[in-house]
Amino acid sequence: MMMKNLRWLALMAAAALAACGGANESTPTTSAKNASVLPVSNSVASSDQEVSLNKADAVTPTASEAKRGTAAEAFTAVSIDNKMARKSGASVDLGAPSAADLEQREKNNKKNGGLLKPRAYQTGFARPVAATTLTKSLQQLLTWTATGTGVQRASIRLSSTGAKALRLGLEVQNLPDDAVLRVYADGSSQAQQTTGAHIKSAIRTNVAADGDSANAHTYWMPATMGEATVLEVDLPAGRDTSSVSLAIPKLIHQVQNAMEAELGQLQAKTDCPAVTPDATCTLPPAVNAITTMDFTDGAGSYVCSGTLVANRGASQLGYVLTANHCISTQTVASTVVTYWFYRSSACNSTTINPNWTSVAGGATLRYNKSEASTYAERNGQIVVTSDGTDTSLIDLVSAPPAGVMYAGWAFQRHSVNTGTNYVSLHHPTGGWMRRSDGVLTNYFLYIGNDLGDTWTDDKYPMYEVSWSSGITEGGSSGSSLLHDGTTANPKVIGQLWGGTSTCTNTAGKDYYGRFDLAYENGLINWLNPGYRMVFRFYNTGNGAHFFSANADERDAARTNNPALTYESPVYMVSPAAGSGLGPVYRFYNTRLGVHFYTNSETEKAYVIANLSNVYTYEGIAWYAPPAGSAIAGTVDVYRFYRLGVGTHLYTASVAERDNIIATLGQYYNYEGIAYKAWPLN
């Protein structure tokens, strides 16, 4: 317990300040303030050093290990017995789409001069279906008949002339859990099948995340090949057919789809195959971690690339890292279909790898951050106040297929202009996998409206890459940049936002959102569950420090309080109670505008009982092992009291502790170990 210096709590002569840390507090001399701590230079966030706790190696689990902890398959492939008569349902033919729709898709996929405004590669567009826009209209078109087993079945056929593939959007008002829905290409013997329970679960997830809207209530079935598709609905014998209340307000007419490759219609598609090498020619192990994703926002269908990434939890899950400009809402994430091992069968072959496969069922959006950073100009310097990394992490509803690799990663900044080679594996225009190699030449800051800045300042949240081999194209968005990309342990360092490289401008630069910053901003919650980073600020006005384990609060402080200089993450704690952990409480000093942290129940009770006129109790900040804990891998967090001012400093750095004790004893009183935490490295 730390009761010996409770006297400081009564030293409250300074005026009340509005923001955490304060700005006008009476303090020792400026030189003393600036010398109060060491620069936070041993943080992993500001170094290239390897880490141990904040990294995961690549892994290729067995099929049973890959499925452990993952929900049951959302879709199953089933055979349609064409030898037995299937009752024909209603048919809706949309005819051919307008030339304007086809031309607009082509226009949307063209790169313009200057800095590319990133967007996913468009493969199709929505077409309204007037005949089935209303639930009542569709109910009138559905004719229910009994099968030989007593199952009640209704079907409807929809067609769009010239489509390579179709995706149906089902706007669901009501659907029994045990309803079975399947889609198949007209005349096909193979169908994709799911249940009412899965569809309703996806819609509930959409509504909870994005609000109650028609888009959130629309479930997109996986694509079927060709210009005609059939939807079948089965109900158990005796079930009231009016319990099926849905509409098909639109479908997606796809001009291109990965499944064309199976028919030999889509080969190694890229605008310049001679520029970006076929990944199969070198076949690095990381090819098994890469996916191309088909998804829709309701207005069109698109493709982007993604990477299956490892996590430090009890089992590997379906976490796919991609770009936020590809998937930025839960409703879009629910439409995702992933394609795996999607590459040529041999180097520069025109036939597809026979082991390619797809996984339908959508995903849960776990984390996302836009590409646009915010910044402020302070003392003639650009200060980034929110990191635009263009990151999304989705969690597949169905398990990835057997044989995939979960790529590794590390919480580690990579320096520029070192000559180190990095590899990107990606799917240009949604085609077969390609490989690009390059070096880091700068850091990049994007602020929106095609405005950005490159610099060697490692506070900028993207990497600039110059290619020595290959480029990126539409459809490459979201693909990872890999360190050790040709080894059995590739590590993700970022994902593709966009850039200026083209078939005719191979010297153009491309930009990748930094993994290390996305990790501290929120990926840690999923890739290293059970830990949170504690962020530290230094107040240039009064020499106090502010600590937070909340990334949103950190960014608010960076944006709204110019007196607070953000230093970095300093150590890790737990966001929840657990064995051997205790709460660390947070108080706000309404007079000084600073925060106080304690894990002492006695100290907490004393402050609440005797100093509530000065301190506002804000609750539990985080959980941590107490001083003296034997939990392996933890370090001590040391506490200092600021004499004559009434603030505290906490540090897990032995060097900083020793420096303060040796040189700043006239300003700080060392109080001992406050609690324990986990180091960043």
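Quick caveat: nothing in here was measured; it's all calculated off a predicted structure.

## Here we look at the sheet that holds strand β32 (residues 545–548)
The sheet built from 3 strands is open, its strands ordered β32-β31-β33 with antiparallel pairing. Strand pairing shows two members of the sheet lacking a second neighbour, β32 and β33 (564–573), which therefore form its edges. Strand-to-strand, the axes of this sheet are offset by a mean angle of 25 degrees, without reference to chain direction. Here strand β31 (residues 532–539) pairs with β33 via 8 bridges, running antiparallel. Bridge pairing in β33 links F535 to P569. Its contacts with the sheet put helix α7 (residues 515–527) on β31 and β33, and the angle it makes with β31 is roughly 155 degrees.

## Let's talk about the packing of aromatic side chains
The final tally for this structure, using the stated rule, is 33 aromatic pairs. On the basis of an interplanar angle of 65 degrees and a centroid distance of 6.2 Å, the ring pair of F596 and Y615 is categorised as edge-to-face. Of this pair, F596 sits in strand β35 (residues 594–598) while Y615 sits in strand β36 (residues 615–624), and the two are 19 residues apart along the sequence. Residue classification places Y615 among the buried positions, given a relative accessible area of 4%. Here the aromatic rings of Y597 and Y650 are separated by 5.6 Å at their centres, their planes lie at 90 degrees, and the arrangement is edge-to-face. Of this pair, Y597 sits in strand β35 while Y650 sits in strand β38 (residues 647–651), and the two are 53 residues apart along the sequence. Accessibility assignment for this pair places Y597 and Y650 in one class, buried. Lying over the aromatic face of Y566, R554 brings its terminal NZ or CZ to 5.6 Å of the ring centre. The lysine or arginine in question, K604, covers the ring of Y585, its NZ or CZ lying 4.3 Å from the ring centre.

## Structural notes on a nonpolar patch on the surface
Taken together, the side chains of Y375, I382, I447 and L451 present a nonpolar region at the surface, about 330 Å² in accessible area. Checked against the element boundaries, I382 lands in strand β21 (residues 381–386).

## Describing the pairing of strand β15 (residues 300–308)
Two faces make up the sheet, and in a regular strand the side chains alternate between them. Counting buried residues along β15, 9 of its 9 residues qualify, which places the element largely inside the surrounding structure. Along β15, one buried face is formed by G300, Y302, C304, G306 and L308 and the opposite face, lined by S301, V303, S305 and T307, is buried too. Bridge count between strand β4 (residues 121–128) and β15: 4 bridges; the pairing is antiparallel. Counted as the bridge partner of Y121 is V303 from β15.

## Observations concerning the state of the cysteines
Applying the stated criterion across every chain, the model contains 3 disulfides. The disulfide partner of C281 is C347, and the gap between their sulfur atoms is 2.0 Å. Residues C281 and C347 are joined by a disulfide whose S-S torsion is about 85 degrees; by sign, that bridge is right-handed. Within this pair, whereas C281 is found in the loop between β13 (245–254) and β14 (290–296), its partner C347 is found in the loop between β17 (337–340) and β18 (357–359), the two being separated by 66 residues in sequence. Given the relative accessible area of 44%, C347 is considered partly exposed. Between the sulfur of C304 and that of C326 lies a disulfide, 2.0 Å long from S to S. Measuring handedness by torsion sign, the sulfur bridge of C304 and C326 sits at about -80 degrees and is left-handed. Residue C304 is found in strand β15, and its partner C326 is found in the loop between β16 (319–322) and α6 (330–333); the two are separated by 22 residues along the sequence. As far as burial versus exposure is concerned, C304 and C326 are alike and both buried. When the cysteines of the chain that form disulfides are numbered from the N-terminus onward, they connect as 1-6, 2-5, 3-4.

## Concerning the environment of T145
For T145, the position within the fold is in strand β5 (residues 145–146). Taking the C-alpha atoms as reference, T145 lies 9.7 Å from D234; in sequence the two are 89 residues apart.

## Overview of the sheet that holds β35
The antiparallel open sheet is built from 3 strands, whose spatial order is β35-β34-β36. Pairing within the sheet leaves two strands with one partner each, and these edge strands are β35 and β36. Across the sheet, the mean angle separating the axes of adjacent strands is 25 degrees when strand polarity is ignored. Relative to β36, strand β34 (residues 582–589) runs antiparallel, the two sharing 8 bridges. Of the residues in β36, the one forming a bridge with P583 is Y623.

Criteria and thresholds
Residues numbered from 1 in each chain as written. Predicted model: local features only at pLDDT ≥ 70, side-chain atom pairs only at ≥ 80, totals over all residues. Heavy atoms only, no water. Pairing = 2+ DSSP bridges. Helix = DSSP H or I, 4+ residues; strand = E, 2+ residues; numbered from the N terminus. Axes fitted to C-alpha atoms, helices over the stretch in contact; angles between N-to-C directions. Contact = heavy atoms within 4.5 Å. Phe/Tyr/Trp six-rings, centres within 6.5 Å; stacked < 30°, edge-to-face > 60°. Buried < 20%, exposed > 50% of the residue type's maximum accessible area, 1.4 Å probe, protein only. Lys NZ or Arg CZ within 6 Å of the ring centre and 35° of its normal. Patch = residues over 30% accessible without salt bridge, like charges linked within 9 Å, V, L, I, M, F, W, Y side chains within 5 Å. Areas by Shrake-Rupley, 256 points an atom, 1.4 Å probe, with all protein chains shown as cover. Salt bridge = Lys/Arg side-chain N within 4 Å of Asp/Glu carboxyl O. Disulfide = S-S within 2.5 Å.

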